[in-house]
Amino acid sequence: MPQVQTFSLFAPRTQLVVSLVAGALLVIGFVGHLLDAIWSPWLYWLSLGLGLIYGLEAAWASLRRLVFDIDVLMAVGAVLAAYVGHPEEGALLLFLFVFAGALEDLAMLRTEREISSLHALMPADALVWRNEEWTVAAAESLAAGEKIKVRPGERVPADARIQIGKSTFDQSAITGEAMPREVGPGDELFAGTINTDDAVEAVVLRPVAESSLNKILDLVTTAKERRRPVQRLLDRLSQPYALGVLCVSTLVAIVWHLAFKVPLLGTGEEPGALYTAITLLIVASPCAIIIATPVASLAAIARAARAGVLVKGGEAFDRLASVGAMCFDKTGTLTRGRPALYEAHPVAWSDGPKLLAIAAALEADSTHPIAHAIIESASERKLRTASVEDINHAVAAGLEGRFEGRKVRLGRYSFTEPAIPTCLRNRVRDVLDKVRDRGHVAVVIALAGDESAAEGPSVGEVAVLIMADKVRPGAERLVAELHSLGIRPVRMLTGDNAVTAARVADALGLDGFEADLLPADKQRILGNLRRDLAREGRARRGVAHIGDGVNDAPALASADVAIGMGSIGTAAALESSDVVLLGDDLSTIPWAIRLARRTERIIAFNLAFAMSIIVFMALVTLIGSRTGFPVPLSLGVLAHEGGTVVVVGVSLWLRSEERRVGKECRSRW
């Protein structure tokens, strides 16, 4: 049932509308003033009254908390401006203050909606097998182990693993991946993803409350509360600064009146000491400085989340921007962590495609990663399904069965050797030796000859099925992009053997690698790398480590920036990392670093711009009042509120940061 939207006077949209009405009254009043209309002052006062509705409410809310901040300063400034006979300038101040505040609130709400829209990805209902029939039930009622069905066009109600069926699922809303993912029996489905093809049946892995999507939502919600160091400093200084501005403005009014003999309220066209003090109070208020960091941080967090990169707060963004060296785990990080068959190598006269189809039939009911690679390869090549009978499993050796009455074996060489023709055995061993030298994995399928065939004995056939752990998308250009960002060395730290590690390192152009490592070894190497950066004069640059969040926990904990890579279902990656990459594409890493650096530059610009406006306008106000060129209060208001609008607008550019490849992917800022 849709929620009924109730009217709220202090809602951002209502505030925006009222501020525009106040602004319109101010403009009409100004036109009336030019025409010497007697009703012009009344419109000024009416505009001021509308502005005070929000100005006084914000000021009172601060004072109730015993906080003296920018809201109090603005309310005091507007009331004093009216008191000294300038209601139109008090109205202008409140119009721009309320208008800018409404825009700021709406911008923050829009950014937060992009994050909280993850809630909408969760379906309310699920089709679950209960009481020997398919029943529609609330998604929240699902328990681990229950069987669910996901039909075409439906969202997955909870994290689950497919039992029956194959399909493709759209994960773009969660991982940022544009292409749907093909899945089959044994593959995991994540809550909130959309089935785009055939219906599948799956077993629930965990309740909805513990789903990957809920973990992500909790992580992003927490990230919004984690402030940058500069923001925490500004938060601590904002109240003393506001009190200081009020004291200095009061002191200026007293000194100008007593020492320089300036009338307190002014005479004729000459502004008085109180008018100068009010102008100084407004131009020196820290509104733009206070908003400079949080709007940019939240916009960047939301943009990164839309691209499948979860950053745990502004401080993590700071450290990501300052990365100077990077280390990767291999299995599950640079590579997918599971073998893929890239060649069915036939020996001599053997028929490779036929033997691959037979191997897929033998492995049809197996859940082993090698079986998955063989079945997936046969499916990709659209091979005709072979009919294999009497399938038996030999523990730690392989599988055997009968194909068209002939014995067939799949597995280790020692297990398949009896089915391999004697004349081909040396050639098979040679192929296996070359495969091992390249750091790949291989299994042998051998189809024995049929001595009893009516048309004469048939000759046996054999093929070597060669597999390797595929690199993730984006890995090929990863090193070049990181080098272009000044990040070097880029190294691989793995517990795998040196031969396999060397193959991956050479293929990706890494600056170096270490193999046969224990978790403690990775931790030690990261410490040495940090000392190397210090010796090179890059002590302010940190070391990032990217791993799967499970066996890399010590290294992730000791790195300056811990990046969890791989599965959104991995709780360890979500909990132990500063940054979590939800998708498979490694090109999100340099993109996220560019986004972090652009955010850092925008925050620096915002702060410098805001402080420059304050210092410049404060000096001009004080000097102008003593040299016969007083700054109009309206000009001070425009400078103050205009600076706030500029800071918000510049920060929101981060929401449009595009993900592109190579040189084009660099920030335009």
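Keep in mind that what you see is a predicted model, and the values were worked out from it rather than measured.

Right, let's talk about the overall build of the protein for a bit. Counting secondary structure elements, the protein contains 22 helices and 22 strands. Accessible surface computed for the protein: about 30900 Å², of which carbon and sulfur atoms make up 59%.

Tracing the chain through its elements places N195 in strand β8 (residues 194–195). Setting aside residues no more than four positions away along its own chain, N195 makes contact with V150, R151, P152, G153, E154, S167, T168, F169 and V200.

Moving on, we come to the confidence of the model for the protein. Summing up the model confidence of the protein, the mean pLDDT is 83 and the portion of residues at 70 or higher is 86%. Element-level pLDDT for the protein is lowest in helix α20 (residues 571–576), with a mean of 58, against a maximum mean of 95 in strand β3 (residues 147–150). Contacts for the low-pLDDT stretch residues 1–5, under 50 throughout, to residues beyond four places or in other chains number zero contacts. Note that residues 660–669 has pLDDT below 50 and, in this model, 22 contacts with residues that lie over four places away or in other chains.

With that settled, consider the environment of L213. Structurally, the position occupied by L213 is in helix α6 (residues 212–225). By relative accessible area, which is 3% here, L213 ends up buried.

For the rest of this paragraph, the subject is helix α9 (residues 287–306). A rise of 1.5 Å per residue sets the reference length of α9, with its 20 residues, at 28 Å; its end C-alpha atoms lie 29 Å apart and thus fit the reference within 8%. The buried fraction of α9 amounts to 18 of the 20 residues, a majority that puts the element mostly inside the structure.

Quick look at the packing of helix α12 (residues 352–362) against helix α13 (residues 369–380) now. Their axes nearest at 9 Å, the elements α12 and α13 cross at an angle of 130°. When the axes of α12 and α13 are compared, the pair comes out oblique. For the pair α12 and α13, the crossing hand works out as left-handed. Mapping the contact onto sequence places L356, A359 and A360 in α12 and I374, I375, S377 and A378 in α13. Taken together, the residues of the contact of α12 with α13 break down into six nonpolar, one polar and no charged.

What follows covers the pattern of salt bridges. Within this structure, the stated rule accounts for 18 salt bridges. Note that R477 is salt-bridged to E481, the shortest N-O span being 3.5 Å. Looking at E481, the relative accessible area reads 7%, which means it is buried. Among the charged side chains, a salt-bridge network with shared partners connects D159, R161, E188 and R206.

On the surface, E182, D197, D198, E376 and E380 cluster together into a negatively charged patch. Within the secondary structure, E182 is located in strand β6 (residues 181–183).

Before going further, it helps to examine the packing of aromatic side chains. Scanning all chains against the criterion turns up five aromatic pairs. Summarising the aromatic geometry, the rings of F10 and Y54 are spaced 5.5 Å apart at their centres and angled 80° between planes, so their arrangement reads as edge-to-face. Taken together, the residues F10 in the segment before α1 (12–34) and Y54 in helix α2 (residues 40–64) connect sequence positions 44 residues apart. Given the relative accessible area of 38%, F10 is considered partly exposed. Arranged with centres 5.8 Å apart and planes meeting at 15°, the rings of F605 and F609 form a pair that is stacked. With F605 and F609 both in helix α21 (residues 588–627) and four residues apart, the pair spans about one turn of that helix.

About the cut-offs
- Residues numbered from 1 in each chain as written.
- Predicted model: local features only at pLDDT ≥ 70, side-chain atom pairs only at ≥ 80, totals over all residues.
- Heavy atoms only, no water.
- Helix = DSSP H or I, 4+ residues; strand = E, 2+ residues; numbered from the N terminus.
- Areas by Shrake-Rupley, 256 points an atom, 1.4 Å probe, with all protein chains shown as cover.
- Contact = heavy atoms within 4.5 Å.
- pLDDT = per-residue confidence, 0-100.
- Buried < 20%, exposed > 50% of the residue type's maximum accessible area, 1.4 Å probe, protein only.
- Expected span 1.5 Å × (residues − 1).
- Axes fitted to C-alpha atoms, helices over the stretch in contact; angles between N-to-C directions.
- Parallel < 35°, antiparallel > 145°, perpendicular 65-115°, else oblique.
- Left-handed = near helix turned anticlockwise from the far one by under 90°.
- Nonpolar A, V, L, I, M, F, W, Y, C, P; charged D, E, K, R; others polar.
- Salt bridge = Lys/Arg side-chain N within 4 Å of Asp/Glu carboxyl O.
- Patch = residues over 30% accessible without salt bridge, like charges linked within 9 Å, V, L, I, M, F, W, Y side chains within 5 Å.
- Lys, Arg positive; Asp, Glu negative; His and termini not counted.
- Charge placed at Lys NZ, Arg CZ, Asp CG, Glu CD.
- Phe/Tyr/Trp six-rings, centres within 6.5 Å; stacked < 30°, edge-to-face > 60°.

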